[in-house]
Amino acid sequence: MRNVIIIEDEKDIGELVQLHLEDMNCEVVHFLNGQEGFHYALEHPFDLMILDINLPDMNGMDICRALRAEKVNSPILMLTARSEEIDKILGLETGADDYMTKPFSIRELLARVKAILRRVDIDTRPDESDGADSIHFKQLEIDKRKRRVILDGERIELTPKEFDLLYLLASNPGVTYDRKDLLNKVWSYDFEGYEHTVNSHINRLRAKIEKDPANPEYVLTTWGVGYRFSDQGK
Ligand code: CA
């Protein structure tokens, strides 16, 4: 059973999404305003939040940012009616993982939800790791199966996209990926023109794993091209 929180003031949309998710065997709670949904989310662990941006009492982006600040790293899929907001959703500011623009098809939404929940499943599977899926480099340990990152013995909380980005780079040390490659591989659909999204996520990732983000030892910049994971000084 997966727990999903919907915060959407358009009652019909929220209910429609809720019905479809319940058909997928999800336990769904639907809030019509931001405050209530936000406070509920702080107290109740969830596998996915579907979060509208334009709410009567609180902006969805503020909710997302506040949850991330409270170290709630569960996946958040944002709903927006305005294309100009996409920049901000994907960027440094919010820490959201995905978005859909209204009006959206319910099929498309469900496809996104399934993709997100598949990752959650992997994350919560009982420990059957034989270590084959984990990467060790210096003080960093990345466990793909549990989607867990340990640095100097301490668990680092990453959002799903930050994890995917790190895992992709770390699986191929020394290989440079340009921003477009990373968009295609990590976000997996067409985000043409949103290459700066990659920079934002790299900055957030570095802030979490690097001792000195300005002089990184793990996620390195290949000037004028993109990013690579270190293959030096293992
Ligand atoms: Ca709304």
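Scroll up to find the structure this text is about.
Residues numbered from 1 in each chain as written. Predicted model: local features only at pLDDT ≥ 70, side-chain atom pairs only at ≥ 80, totals over all residues. Heavy atoms only, no water.

Concerning the environment of Leu 158
Short version of the rule: Comment: elements are numbered from the N terminus, with helices defined as DSSP H or I runs of at least four residues and strands as E runs of at least two. Working definition: with a 1.4 Å probe on protein chains only, accessible area under 20% of the residue-type maximum means buried, over 50% means exposed, and in between means partly exposed. Only heavy atoms enter the contact rule, under which two residues are in contact if any of them lie within 4.5 Å.
By the secondary structure assignment, Leu 158 is in the loop between strand E9 (154-156) and helix H6 (160-171). When its relative accessible area of 11% is taken as the criterion, Leu 158 is described as buried. Sequence separation between Leu 158 and Ser 74 is 84 residues; the distance between their C-alpha atoms is 9.1 Å. Excluding residues that lie within four positions of it along the chain, Leu 158 makes contacts with Asn 73, Val 149, Phe 163, Leu 166, Leu 205 and Lys 208.

Concerning the packing of H6 against helix H7 (residues 179-187)
For clarity, the threshold we go by: Angles shown run from 0 to 180 degrees and are taken between the N-to-C directions of axes, each axis being a line fitted to C-alpha atoms and, for helices, limited to the stretch in contact. Roughly parallel means an angle under 35 degrees; roughly antiparallel, over 145; roughly perpendicular, 65 to 115; everything else is oblique. Crossings are classed by handedness, with left-handed meaning an anticlockwise turn of the near helix from the far one by less than a right angle and right-handed meaning a clockwise turn. Amino acid classes used here: Ala, Val, Leu, Ile, Met, Phe, Trp, Tyr, Cys and Pro are nonpolar; Asp, Glu, Lys and Arg are charged; the rest, including Gly, are polar.
Remark: H6 packs on H7, axes separated minimally by 10 Å, with the N-to-C direction vectors making an angle of 120°. Relative to H7, the element H6 is oriented oblique. Helix-helix and strand crossings are classified by hand; for H6 and H7 the assignment is right-handed. When H6 is examined against H7, the residues Lys 161, Asp 164, Leu 165, Leu 168 and Leu 169 are found in contact with a partner set consisting of Leu 182, Lys 185, Val 186 and Trp 187. Of the residues that constitute the contact of H6 with H7, the class distribution is six nonpolar, no polar and three charged.

A short note on the sheet that holds strand E4 (residues 76-80)
Put simply, the test is: Strand pairing is assigned whenever DSSP identifies at least 2 bridges connecting the two strands.
Strands sit in the order E2-E1-E3-E4-E5 across an open sheet of five strands; the sheet is parallel. Of all the strands in the sheet, the pair left with one neighbour each is strand E2 (26-31) and strand E5 (98-101). For this sheet, the mean angle separating the axes of adjacent strands, direction not counted, is 15°. Across four bridges, the pairing between strand E1 (residues 2-7) and strand E3 (residues 48-52) is parallel. In the strand pairing of E3, Ile 6 is matched with Ile 50. The strands touched by helix H1 (residues 11-23) within the sheet are E1, E2 and E3, with E2 carrying the most contacts at an inclination of about 170°. In this fold helix H2 (residues 34-43) packs onto E1, E2 and E3, with an angle of close to 155° to the strand it touches most, E1.

Describing H7
Keep this limit in mind: By arc we mean the arc of the directions from the helix axis to the C-beta atoms, nothing more. Pairs of N or O atoms within 3.5 Å make up the polar contacts considered here, provided that, within protein, one atom can donate a hydrogen while the other can accept it, and that residues adjacent in sequence are counted only when both atoms are side-chain atoms.
Within the sequence span of H7, burial applies to Leu 182, Leu 183, Val 186 and Trp 187. Seen along its axis, H7 keeps its buried residues to an arc of 105°; they face one direction. N-cap assignment for H7: the residue whose side-chain oxygen lies 3.1 Å from the backbone N of Lys 180 is Asp 178.

Structural notes on the coordination of the calcium ion
Working reference: metal with six octahedral donors, ideal angles 90 or 180 degrees; metal with four tetrahedral donors, ideal angle 109.5 degrees. Quick note on the threshold: The donor set comprises N, O and S atoms within 2.8 Å of the metal, extended to 3.2 Å for Na, K and Ca; water molecules are omitted, so apparent gaps in a site may simply reflect that omission.
Here the calcium ion is held by the protein donor atoms Asp 9 (OD), Asp 52 (OD) and Asn 54 (O), which lie 2.1 to 2.3 Å from it. Mapping the donors of the calcium ion onto the primary sequence yields the spacing D-x42-D-x1-N. In this structure Asn 54 comes out as partly exposed when scored by relative accessible area, which is 29%.

Re the pairing of strand E7 (residues 140-143)
Pairing of strand E6 (residues 134-137) with E7 involves four bridges; the strand directions are antiparallel. Looking across to E7, one finds that Phe 137 is bridged to Leu 140. Connecting the antiparallel pair E6 and E7 is a turn made up of two residues, with Lys 138 showing a positive phi of about 50°. What sits between the antiparallel neighbours E7 and strand E8 (residues 148-151) is a turn of four residues, in which Arg 147 has the positive phi angle 50°.

A closer look at the environment of Asp 143
For Asp 143, the position within the fold is in strand E7. By relative accessible area, Asp 143 is classed as buried at 7%. A C-alpha to C-alpha distance of 10.0 Å links Asp 143 and Phe 163, two positions 20 residues apart in sequence.

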